[in-house]
Amino acid sequence: MLGDDAELTAAVLAAQDGDETAFRTVYRSVHPRLLGYVRTLVGDPDAEDVASEAWLQIARDLERFSGDADRFRGWAARIARNRALDHIRMRGRRPAIGGDETELTGKAAESDTAGEAMEALATDGTLSLIARLPQDQAEAVVLRVVVGLDAKTAAETLGKRPGAVRTAAHRGLKRLAELLGDDPESTGVLDALPPQREPRGTAVTSASVTQMRSRTQKDV
């Protein structure tokens, strides 16, 4: 397991045992990228509120979670996505869908272009470009490259097949490269990205989870 993943896995387990410092470590590690994902779904004005609602649920349900760092990121992203979609329904707005994403199912990507990866895409400017992508591509790019999920975990989050997510991410990154190419100041952004994560052979799972007290957002 990578160093950062090992630390996050250990922090999640400690947080499940009621360690508030460990929970803050988990929050600081995951929140920035999770917030970037929420922004692609609901936009800037509401993203912080929706992310806060997601973290309240994460804190409340953490004792029922079982898995390593990768699984935690996917679990947190799924909660954030559900809260975002609830918010959209409540406000009577829907995300802009760019085409029928089912057409991607089963089609392999030409190459994992998303192999050029993504600290830079966490910036507000580039996230605004991602928001211009069709919804299926925007979500695939953010989950795979910003949040750092492998194709299988991202697919579970979105309720799709891994091949569909890979293809959507590939197409989204290709379109992003075109958009960035239209902006001279953005040259080189994609080249600075880290590779998309692929599934590892084994996963570290928690053997048991103990009761932890209820947390509020101020605990974070």
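Residues numbered from 1 in each chain as written. Predicted model: local features only at pLDDT ≥ 70, side-chain atom pairs only at ≥ 80, totals over all residues. Heavy atoms only, no water.

### Some words on the overall build of the protein chain
In step 1: For the protein chain, the count of helices and strands is eight helices and zero strands.
In step 2: Along its sequence from the N terminus, the protein chain presents helices and strands in the succession α-α-α-α-α-α-α-α.
In step 3: In the protein chain, which comprises 220 residues, the share counted as buried stands at 47%.
In step 4: Pairs at least 24 residues apart make up 76% of the contacts formed inside the protein chain by residues separated by at least 6 positions.
In step 5: Per element, the accessible surface of the protein chain, about 10,700 Å² overall, is 49% carbon and sulfur. (Helix = DSSP H or I, 4+ residues; strand = E, 2+ residues; numbered from the N terminus. Buried < 20%, exposed > 50% of the residue type's maximum accessible area, 1.4 Å probe, protein only. Contact = heavy atoms within 4.5 Å. Areas by Shrake-Rupley, 256 points an atom, 1.4 Å probe, with all protein chains shown as cover.)

### Details of the environment of Asp 44
In step 1: Secondary-structure assignment places Asp 44 in helix H3 (residues 44-61).
In step 2: Judged by relative accessible area, which is 49%, Asp 44 ranks as partly exposed.
In step 3: Spatially, the C-alpha atom of Asp 44 lies 9.3 Å from that of Ser 128, the residues being 84 residues apart in sequence.

### Considerations on the packing of aromatic side chains
In step 1: Summed over the entire model, instances satisfying the criterion amount to five aromatic pairs.
In step 2: Look at Phe 65 and Trp 75: their rings are 5.2 Å apart centre to centre, the planes differ by 35°, and that puts the pair in the tilted class. Of this pair, Phe 65 sits in the loop between H3 and helix H4 (69-91) while Trp 75 sits in helix H4, and the two are ten residues apart along the sequence.
In step 3: Taken together through their ring pairs, the aromatic side chains of Phe 23, Tyr 27 and Trp 55 make up a single cluster. (Phe/Tyr/Trp six-rings, centres within 6.5 Å; stacked < 30°, edge-to-face > 60°.)

### Considerations on the pattern of salt bridges
In step 1: Within this structure, the stated rule accounts for nine salt bridges.
In step 2: Linking Arg 73 and Asp 5 is a salt bridge whose minimum nitrogen-to-oxygen distance equals 2.7 Å. Highlighted residues: Arg 73 in helix H4 and Asp 5 in helix H1 (residues 3-16), separated in sequence by 68 residues.
In step 3: Judged by its relative accessible area of 12%, Arg 73 is buried. (Salt bridge = Lys/Arg side-chain N within 4 Å of Asp/Glu carboxyl O.)

### Section: the side chain of Thr 167
In step 1: Here Thr 167 lies in helix H8 (residues 162-181).
In step 2: A polar contact of 2.9 Å, which involves the side chain of Thr 167, links it to the backbone oxygen of Gly 163. (Polar contact = N/O pair within 3.5 Å; in protein donor to acceptor, adjacent residues only side chain to side chain.)

### Some points on the packing of H3 against H4
In step 1: Where H3 meets H4, the closest approach of the two axes is 9 Å, and the angle between their N-to-C directions is 130°. Comparing the axis directions of H3 and H4 gives the class oblique. Judged by the sense of rotation from one axis to the other, the crossing of H3 with H4 is right-handed. In contact with Asp 46, Val 50, Glu 53, Ala 54, Gln 57, Ile 58 and Asp 61 of H3, H4 contributes Phe 72, Trp 75, Ala 76, Ile 79, Ala 80, Arg 83, Ala 84, His 87 and Arg 91.
In step 2: The residue makeup of the contact of H3 with H4, split by class, is nine nonpolar, two polar and five charged. (Axes fitted to C-alpha atoms, helices over the stretch in contact; angles between N-to-C directions. Parallel < 35°, antiparallel > 145°, perpendicular 65-115°, else oblique. Left-handed = near helix turned anticlockwise from the far one by under 90°. Nonpolar A, V, L, I, M, F, W, Y, C, P; charged D, E, K, R; others polar.)

### A few points about the environment of Val 141
In step 1: With respect to the element layout, Val 141 can be found in helix H6 (residues 135-146).
In step 2: With 31 residues separating them along the chain, Val 141 and Gly 172 place their C-alpha atoms 6.3 Å apart.

### Some points on helix H7 (residues 151-158)
In step 1: Taking burial as the measure, the eight residues of H7 include six buried ones, the bulk of the element.
In step 2: Those residues of H7 lying buried are Ala 151, Thr 153, Ala 154, Ala 155, Thr 157 and Leu 158.
In step 3: Of the surrounding elements, those touching the buried residues of H7 are helix H2 (20-42), H4, H6 and H8.
In step 4: Two or three places before Lys 152, at the start of H7, stands the capping residue Asp 150, its side-chain oxygen 3.1 Å from that residue's backbone nitrogen.

### What about the confidence of the model for the protein chain?
In step 1: Of the residues in the protein chain, 65% have a pLDDT of 70 or more, and the chain-wide mean is 74.
In step 2: Of all the helices and strands in the protein chain, helix H5 (residues 124-130) carries the lowest mean pLDDT, 70, while H3 carries the highest, 94.
In step 3: Overall, residues 184-196 carries pLDDT values under 50, and its contacts beyond four positions in sequence, including any with other chains, amount to 36 contacts.
In step 4: Confidence drops under pLDDT 50 across residues 201-220; counting only partners more than four residues distant or on other chains, this segment forms 47 contacts. (pLDDT = per-residue confidence, 0-100.)

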